[in-house]
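Listed below, chain by chain, are the residues.
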Amino acid sequence: MKQILLLLAIGLALWVKPVSAQAPAPAPTLSGAAHQAVISAQVEAFQADDFVRAFSYASPTIRDLFRTPENFAAMVKRGYPMVWRTRDLHYLEARSIAGALWQKVLVTDAKGERFLLDYRMIRIGGRWRIDAVQMLTLPDVAA
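Everything numeric in this text was worked out from a predicted model, so none of it was measured.

**Description of the sheet that holds strand 3 (residues 114-124)**
Spatial ordering of the open sheet is given by 1-2-3-4, a layout of four strands whose pairing is antiparallel. Each edge of the open sheet carries a strand with a single partner, namely strand 1 (86-97) and strand 4 (127-136). For this sheet, the mean angle separating the axes of adjacent strands, direction not counted, is 30°. Where helix 2 (residues 33-47) meets the sheet, it contacts strand 1, strand 2 (100-109), strand 3 and strand 4, and its direction lies at approximately 150° from that of strand 1.

**As for helix 5 (residues 69-79)**
Where helix 5 is concerned, the buried positions are Pro69, Phe72, Ala73, Met75, Val76 and Gly79. Viewed end-on, helix 5 has its buried residues packed into an arc of 165°, placing them on one side of the element. Facing away from the buried surface of helix 5 by more than 90 degrees, the exposed residues are Glu70 and Arg78.

**Structural notes on the pattern of salt bridges**
This model, assessed by the stated rule, comprises five salt bridges. Asp118 is paired through a salt bridge with Arg95; the nearest N and O atoms lie 2.4 Å apart. Highlighted residues: Asp118 in strand 3 and Arg95 in strand 1, separated in sequence by 23 residues. Grouping residues by exposure puts Asp118 and Arg95 together as buried. For the salt bridge of Asp131 with Arg120, the shortest nitrogen-to-oxygen distance reads 3.5 Å. On the criterion of sequence distance, the pair formed by Asp131 in strand 4 and Arg120 in strand 3 is long-range, its members being eleven residues apart. Summarising the burial analysis for this pair, Asp131 and Arg120 share the class buried.

**Notes on the environment of Ile97**
By the secondary structure assignment, Ile97 is in strand 1. Residue classification places Ile97 among the partly exposed residues on the basis of a relative accessible area of 42%. Between the C-alpha atom of Ile97 and that of Arg120, which follows or precedes it by 23 residues, the distance is 9.4 Å.

About the criteria used
- Residues numbered from 1 in each chain as written.
- Predicted model: local features only at pLDDT ≥ 70, side-chain atom pairs only at ≥ 80, totals over all residues.
- Heavy atoms only, no water.
- Pairing = 2+ DSSP bridges.
- Helix = DSSP H or I, 4+ residues; strand = E, 2+ residues; numbered from the N terminus.
- Axes fitted to C-alpha atoms, helices over the stretch in contact; angles between N-to-C directions.
- Contact = heavy atoms within 4.5 Å.
- Buried < 20%, exposed > 50% of the residue type's maximum accessible area, 1.4 Å probe, protein only.
- Arc of directions from axis to C-beta.
- Salt bridge = Lys/Arg side-chain N within 4 Å of Asp/Glu carboxyl O.

As structure tokens, then:
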């Protein structure tokens, strides 16, 4: 279910972007402080069960998809419990793909299980917003 919602959100984000006759926007900066601060702020809001604040960090596409903080909360609790109850997170590589900034994040949940997530970040009105999150396969590490 969460994969379907994620694919739908990404598809909507890619489909609804208007075509502009203006010069293309510059590639997003890979300097981490600003966009990582948004991810951290959303995780802190989840920790406090402040879904109104957590929802405020979502892009308009995500906000339109879920409509209310309550719907967003239900999706996060069911589909991304490791983000809702994060014990630890580490920022990994950030990269620009097709004009969007993608940030990999290694998350440890409350039980100590690790997950690799990829956040799609977009700038709207000079502010970073979370436009999608996808779960990646965590590579096996030989001991």
